[in-house]
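Fold and geometry: a report
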Amino acid sequence: MSKNKFGLEYGFQTRAVHSGNDIDEGSGAIKRPIIMANSYALPYDPTDINWSSTDKALYTRNSGANQLYLQEKLTTLEGCEDSVVLASGVSALSSVFFTFLKSKDHVVCSKITYLAVYRLLTEYLPDKYGIECTFVDSSNLEELKAAIRPNTKLIHIETPGNPIINISDIEEIAKIAHNNNALLSVDNTFASLYNQRPTSLGADLSIESLTKYINGHGDAMGGAVLGKKDLIDKIRKEAMVNLGGTISPFNAWLIMRGAVTLPLRMKQHNNNALKVAKYLESLPFVTFVSYPGLKSHPGHEIAKKQMKNGFSGVLSFGIDADYDTHNAFISHLKVITSAVSLGHDESLIVFFGPDDERQYLYPDEFSNGFFRFSVGIEDIEDIINDLKQAFEKVGLSY
Ligand SMILES: *Cc1c(COP(=O)(O)O)cnc(C)c1O
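Residues numbered from 1 in each chain as written. Predicted model: local features only at pLDDT ≥ 70, side-chain atom pairs only at ≥ 80, totals over all residues. Heavy atoms only, no water.

**Things to note about the overall build of the chain**
Looking only at helices and strands, the chain features 13 helices and 12 strands. Here the C-alpha radius of gyration of the chain, 22 Å, is about what a compact globule of 398 residues would show, namely 21 Å. When the 398 residues of the chain are sorted by exposure, 57% land in the buried category. Element-wise, carbon and sulfur atoms account for 52% of the exposed surface of the chain, whose accessible area totals about 16900 Å². Positive and negative charge centroids in the chain, built from 38 and 47 side chains respectively, lie 4 Å apart. (Helix = DSSP H or I, 4+ residues; strand = E, 2+ residues; numbered from the N terminus. Rg over C-alpha atoms; globule rule 2.2 N^0.38 Å. Buried < 20%, exposed > 50% of the residue type's maximum accessible area, 1.4 Å probe, protein only. Areas by Shrake-Rupley, 256 points an atom, 1.4 Å probe, with all protein chains shown as cover. Lys, Arg positive; Asp, Glu negative; His and termini not counted. Charge placed at Lys NZ, Arg CZ, Asp CG, Glu CD.)

Take a look at the structure:
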């Protein structure tokens, strides 16, 4: 008893529901179970087996049932050839660097990028392995082109970029990478593959922290790399098996369950964030709002071109107030929670103070400190009223 495979002939929501799921042959259950066993039965004569093989389920670090189901769902949603799921977004990122870079290779990377990437490429990989990296403003194609060297093997960008929400042009940067025999990897976490599919825009690898929108419920960690089969196979063989950042079957199952409603949640995130961005932009004491859905955003036209379904749920903004008022404002919020992470069902906000370690990389308007706001899927009136009452409590009214 087996259902169809749910490929690209079906719509995105249908694939989100069905792909990767099937009737369980053992029990007849219509949802595939969690398989926690870490080993799988060997054949009668195992002597010919490649113990590091990732093709056959032997041992969960090489291949496990729930991991394969989740990969099937993500691959069909991105519409690419293959994907590998790992223990976290950082595990996915570091496995790309480990697999495709060696000593004396050079990387060009967005200077606005996830903190672990910044540390890996500024400190650990150069110091320990002699890998070179140049950080650029990847929203500026001329600056990016000028940084390329004969030994540049990888361009890595993040768009929208964390935490200032800048936009880089994936299609144009893919051309630049390929003209220079380099790979392009894109951290797609802030958009999620509902809004933006980097591999369809020419990127070689798309990286997702599944911890964020794709799981969406703030209760599991995971990461994925998506792209062409030969590249993904290489990551699986080199980094997954030998570095061992394997996802747990339980987390893979939770993320599979969360991903079913990804399109529904993303529509609400997209709509809510645009409304919040417009509301904030209308306030006299708000100094700036960075959201790619606003016409005032310098990357708005590029975002419209590459973020096909919406501008996602994360924005950043500043207020005209002293340091303590920023903290006091957050303390008065009731619906919105002050916590790191993003892409959860609930609204999350973080205050990055003027002493943030990467403040010098941000545009001038960010220098007084700013908020990164991951707008959740609550009722929009409740989110806006929550902001309003907290602004009023700290004397910001209009
Ligand atoms: C959270 C995040 C990561 C890291 O993912 P983890 O699952 O926390 O390891 C990487 N990139 C971006 C853009 C993120 O927001």
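**Topic: the sheet that holds strand β7 (residues 223-227)**
Pairing between the strands of a sheet is mediated by backbone hydrogen bonds and can be parallel or antiparallel. Sheet architecture is open: 7 strands sit in the order β1-β7-β6-β5-β4-β2-β3, paired in mixed fashion. Since the sheet does not close on itself, it has two edges, and those belong to β1 (82-86) and β3 (132-136), each with one partner. Averaged over all neighbouring strand pairs, the angle between strand axes comes to 20 degrees, with direction disregarded. As defined by bridge partners, strand β2 (residues 106-110) adjoins β3 across 5 bridges and the pair is classed as parallel. Within the sheet, the bridge partner assigned to H106 lies in β3 and is E132. Along the sheet, helix α3 (residues 89-100) contacts β1, β4 (152-158), β5 (183-187), β6 (205-209) and β7; its crossing angle with β6, the most-contacted strand, is approximately 150 degrees. Against the sheet, helix α6 (residues 170-179) makes contact with β4 and β5, and its axis sits at roughly 150 degrees relative to β5, the strand it touches most. (Pairing = 2+ DSSP bridges. Axes fitted to C-alpha atoms, helices over the stretch in contact; angles between N-to-C directions. Contact = heavy atoms within 4.5 Å.)

**Overview of the site of the ligand**
Close to the ligand lie 15 residues; G89, D187, S209, T211 and K212 are nearest. In the model, a nitrogen atom of the ligand is placed 2.7 Å from a nitrogen or oxygen of the D187 side chain. At 2.9 Å from an oxygen atom of the ligand is found a side-chain nitrogen or oxygen belonging to K212. For the ligand, the accessible surface in isolation is 390 Å², of which the surrounding protein chains cover 94%. In terms of residues, the shell around the ligand owes the most to one element, α3, which gives 3 residues. By residue class, the composition of the shell around the ligand is 6 nonpolar, 6 polar and 3 charged. (Near = heavy atom within 4 Å. Polar contact = N/O pair within 3.5 Å; in protein donor to acceptor, adjacent residues only side chain to side chain. Nonpolar A, V, L, I, M, F, W, Y, C, P; charged D, E, K, R; others polar.)

**Observations concerning the UniProt feature "modified residue: N6-(pyridoxal phosphate)lysine" (unreviewed entry) in the chain**
Residues annotated in UniProt with the feature "modified residue: N6-(pyridoxal phosphate)lysine" (unreviewed entry) correspond here to K212. Note that K212 resides in the loop between β6 and β7. For K212, the residues in contact, after removing those within four places along its chain, are Y114, T189, S341, L342 and G343. (UniProt positions renumbered as here; feature names shortened; annotations may be inferred.)

**Looking at the pattern of salt bridges**
For the structure shown, the criterion picks out 14 salt bridges. With its nearest N and O atoms 2.8 Å apart, the salt bridge here joins R149 to E132. With a gap of 17 residues between them, R149 in the loop between α5 (141-146) and β4 and E132 in strand β3 connect regions that are remote in the sequence. The exposure class of E132 is partly exposed, given its relative accessible area of 33%. Here E142 and K145 are joined by a salt bridge, their closest N and O atoms 3.6 Å apart. On the criterion of helical spacing, the pair formed by E142 and K145 is a turn pair, its members being 3 residues apart in helix α5. Connected through salt bridges with shared partners, the residues D82, K229, D233 and R236 form a single ionic network. (Salt bridge = Lys/Arg side-chain N within 4 Å of Asp/Glu carboxyl O.)

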